[in-house]
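One letter stands for each residue in the lines below.
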Amino acid sequence: MSETLSKLSTAVIEGDLEVMEDLTSQALDEGKEAQEVLNEGLMPGMDHVGVEFKAGNMFVPEVLRSARAMQASMSILRPLLTESGVELAGKVLLGTVKGDLHDIGKNLVAMMCEGAGFEVKDLGKDVEPDVFVEGVRDFGPDVLGMSALLTTTMRAMEHTIKSIEEAGLRDQVKILIGGAPVTQSFADQIGADGYASNAASAADLAKKLISA
Amino acid sequence: MQVKKTNFTVNATPRFSVLTEDEIEQIYFSALSVLYETGVRVYDQEGVDVAHAGGAIVEDTTEDSSLVKIPPWMVDKALSTLPRKVVVIGPDRKHRMELFKDQVYFGAGSDTPFTIDPKSGERRRATYEDVKNFARLAQALPNIDFHMSLGIVQDRAVGTYDRWQYLAMLEGTTKPINITAVDLDGLNDQLEMAYIRLGGKEEWRKGPIFSLYIEPVSPLSHSEEVIQKLLFSADNEIPFVYTPCPLAGATSPTTLAGTAVQALTESLFGIVLAQIRKPGAPMIIGGLMSNMDMQTTVYCYGSPEMALLSAAYTEITKWLGVPMYETAGCSDSKMFDAQAAMEATINIATAALVGGNMIHDVGYLEQGLTSSPELMVAANEIIDMVKRILRGIPTTDADLALPVMDSVGPGGHFLEHDHTYKRFKHEIWQPQLIDRQNFESWEMSGSKTFKDRVHERVLEILEAEHEPLMEDKMFAEIKRICELADERHKDEELDLDMFGPG
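Residues numbered from 1 in each chain as written. Chains lettered and ligands numbered in written order. Predicted model: local features only at pLDDT ≥ 70, side-chain atom pairs only at ≥ 80, totals over all residues.

**Let's talk about the interface of chain A and chain B**
Formally: Contact between two residues is assigned when their C-beta atoms, built from the backbone, lie within 7 Å. Helix and strand assignments come from DSSP, with helices taken as H or I runs of at least 4 residues and strands as E runs of at least 2, each series counted from the N terminus. When residues are sorted by character, Ala, Val, Leu, Ile, Met, Phe, Trp, Tyr, Cys and Pro go into the nonpolar class, Asp, Glu, Lys and Arg into the charged class, and all the rest, Gly among them, into the polar class.
At the junction of the two partners, chain A supplies eleven residues and chain B supplies nine residues. For the side of chain A that touches chain B, the secondary-structure elements that each account for two or more residues are α4 (60–83) and α5 (104–115) of chain A. Among the elements that line the side of chain A that touches chain B, the one with the most residues is α4 of chain A, at five residues. Grouping the amino acids of the side of chain A that touches chain B by side-chain chemistry returns six nonpolar, three polar and two charged.

Written out as structure tokens, the structure reads:
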């Protein structure tokens, strides 16, 4: 593997934000394709981070730092990738449901998904079902992720799914839910496509749902 | 904007205190009264002679003992030469204990007849291999600072098990060791072993690698064996722990203050005798005071009274300026279970928060009759947790983090902030064995209980490859001392039941 790409992997692992843009430009100057930089520079780094995180050797702030490092490189690569018609990992739309102001878990999911290479749009918190519907229509996500922390706001997930069904958009998007009181059986009950118990597994599940 | 501060740093470590200074003085001056008026019984002629030559009143002499009374001035004189700081350094010259006020070190207990087999979980008599395994655990666990023999070696010859225990510990660890000795001969042999391990007596003088455990008998009695060990240690620059083990309600007054007075009296006599014999003799006083359980008559190792008395004694020793031998990490439970974890947590937290020095008995179950590898590994995590509490909450400008809050603002988050990235590892304690996963992840990872995870960690440490800590030649030379001792004692029968009914 090229030395520059291996440096990029290391920089992602170490969350070394400063060097990302320079290394990315350098790799492109050396004649590497954008996709090669992504697949052989950034992704091996992120994969390593994922493994270390699951093994308990890396922690959330470090993973986020790595995700940010990857984003810094992606800001250069994304236009090139789009230009050459390369399929990116996919699009994820996120939000905390109506009536709920808790968003730290949802923010974590956003950052983890970015780290996994997704294009992420975050609708924020206390999001009305109608706003989710518009988001699905306009942004065209592959996956919609909804979060709730309160048992009293869990029901809003069900209402949102209904609204998406009524708008005729349900078959265009996979729906993932999560949050402290949420369970797999609740997800089944309200007709979601998946449930993730933590941010890292949400990103994994999003990948799985898209490739399925 | 912070108000400008003067050049002043606050001690941020939380403090637990059970006695006021007035109360400490009451206990100390009461102990002086007991030492002068009631006196202590000494069962060793040499010890009586040393005390008498130093100014003690000797009376009521019988065939085997005398009553020795110590006037208060002798205690003042002894305290003036007693080192306020005692250092014990492991043979690697890296692991060290510097014992003085508020310096917290944890270590194992000693000489349990039984142990819990690390694999089968069966309770059985301890062997050489067990003692070595415990030393290897001590070596691997970062919060174990010194070690003791968590088992009496009962698969070797008679009356020489103390040397074999020391050898087994030297095989497993390079941390400082607190040894026990069967008798003076055993102590002498172990000192020779230490000289070989270190490369000579001069090396020992630069930093002894073991201290000796000596236990006078409550109430107020000092046996021949105890006095002989004390005098030998003073003569040979061996730091020693002089720790009576009074049992409130049985071998000392049932009131905790009365027990503290008596224990202090017993230790002060040791201080006086050692300082007369050799001014500057290094000592650590303790340290194991508890109550008798009035239903079962056992000596409680997990009672709140034990933790409370140890804490009180620590405060007394800090006031006196004497290094302290504390007790924690132990339990009355028969196995490593919820009771064991609960009792160990209470006494570890109490001992650390009060600032005990040499805190022993980590790994003790069943009133000190059984050693548990699992309790030792679990205690390592409990100590880690308590050490986080000891670090407290500093309140510098960087800690108060106003600019950080300002930059994030209402409704934002701190997860990606540099301040978080740079400080979370120091600020937020990360467990090794405690589980914090949510239910689904926990279930996915095998639904393991704390006990399961502790058990796995024990096996992981014991099954790991180990480099020998000594060269073959040195090991053989040290082992030779054990073998020669066996040769001398070969005709003695060892009745294992003397260590407790199997």
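**Remarks on helix α12 (residues 373–391) of chain B**
Residue and element names in this part refer to chain B. So the rule is basically this: In this scheme, a helix's expected span is set at 1.5 Å multiplied by one less than its residue total. Put plainly, a residue is buried at 20 or more neighbouring C-beta atoms within 10 Å of its own, exposed at 12 or fewer, and partly exposed in between, counting only other residues' C-beta atoms, which are placed from the backbone.
The end-to-end C-alpha distance of α12, which contains 19 residues, comes to 28 Å, matching closely the 27 Å that a straight helix rising 1.5 Å per residue would cover. Those residues of α12 that sit buried are P373, E374, L375, M376, V377, A378, A379, N380, E381, I382, I383 and V386. At the C-terminal side of α12, G392 shows a positive phi close to 65 degrees.

**Quick notes on the sheet that holds strand β16 (residues 324–327) of chain B**
All names here are of chain B. The line we're drawing: Each pair of strands is called paired provided DSSP finds at least two bridges between the two strands. To define axes, lines are fitted to C-alpha atoms, for helices over the stretch in contact only, and angles between the resulting N-to-C directions are given on a 0 to 180 degree scale.
Taken together, the seven strands give an open sheet; going across it, the order is β6-β17-β16-β14-β12-β10-β9, and neighbouring strands pair in parallel fashion. The strands lining the two open edges of the sheet, one partner per strand, are β6 (105–108) and β9 (177–179). For this sheet, the mean angle separating the axes of adjacent strands, direction not counted, is 30 degrees. Taken together, the three bridges between strand β12 (residues 240–242) and strand β14 (residues 283–286) define a ladder with parallel strand orientation.

**Here's the deal with helix α11 (residues 338–354) of chain B**
Residues and elements named next belong to chain B. With 17 residues, α11 ought to run about 24 Å at 1.5 Å a step, and its terminal C-alpha atoms sit 24 Å apart, in line with that. Looking at the packing, one finds that the buried side of α11 touches α10 (304–320), β16, β17 (358–362), β18 (364–365) and α12. The first or second residue beyond α11 is G355, which carries a positive phi of 90 degrees.

**Quick look at the environment of P304 of chain B**
In this fold, P304 of chain B is placed in helix α10. The exposure class assigned to P304 of chain B is partly exposed, which follows from the 14 C-beta atoms found within 10 Å.

**Digging into the nonpolar core**
Heads up, the rule is: For this entry, the nonpolar core is defined as buried Ala, Val, Leu, Ile, Met, Phe, Trp, Tyr and Cys residues connected by C-beta atoms within 7 Å.
Membership of the largest hydrophobic core comes to 134 residues, with the highest contact counts inside it found for L212, L230, A260 and V272 of chain B. Beyond its immediate chain neighbours, meaning those up to four positions away, L230 of chain B contacts I214, F240, Y242, G270, L273 and A274 of chain B. If you look at the next biggest cluster of nonpolar residues, it comprises 62 residues, including V49, L93, M154 and I164 of chain A.

**Quick notes on the domain arrangement of chain A**
All names here are of chain A. Just so we agree on the cut-off: Domain start and stop points were drawn from an automatic or database domain assignment.
What the domain assignment lists for chain A is domain 1 (3–83) and domain 2 (91–211). One C-alpha centre belongs to domain 1, the other to domain 2; they are set 26 Å apart. In this complex, domain 1 contributes eight residues to the contact, which on the side of domain 2 involves four residues. If you tally residues by element for the side of domain 1 that touches domain 2, the top one is α4, at six residues. Residues that form the side of domain 1 that touches domain 2 fall into these classes: six nonpolar, two polar and no charged.

**Description of the pairing of strand β3 (residues 66–69) of chain B**
Residue and element names in this part refer to chain B. What you see with β3 is a clean split: S66 and V68 sit on the buried side and L67 and K69 on the side with no burial. Here strand β2 (residues 57–59) pairs with β3 via three bridges, running antiparallel. Its bridge partner being in β3, V58 is matched across the sheet by V68. Where β2 folds back on β3, the antiparallel hairpin that results is connected by six residues, among which D60 adopts a positive phi of roughly 50 degrees.

**Details of the sheet that holds β2 of chain B**
Taken together, the four strands give an open sheet; going across it, the order is β2-β3-β1-β11 (chain B), and neighbouring strands pair in mixed fashion. What marks the edges here is a single partner per strand, and that holds for β2 and β11 (221–222) of chain B.

**What about the domain arrangement of chain B?**
On domain assignment, one finds that chain B holds domain 1 (15–392 + 436–502) and domain 2 (397–430). On a C-alpha basis, the centroid separation for the pair domain 1 of chain B and domain 2 of chain B is 43 Å.

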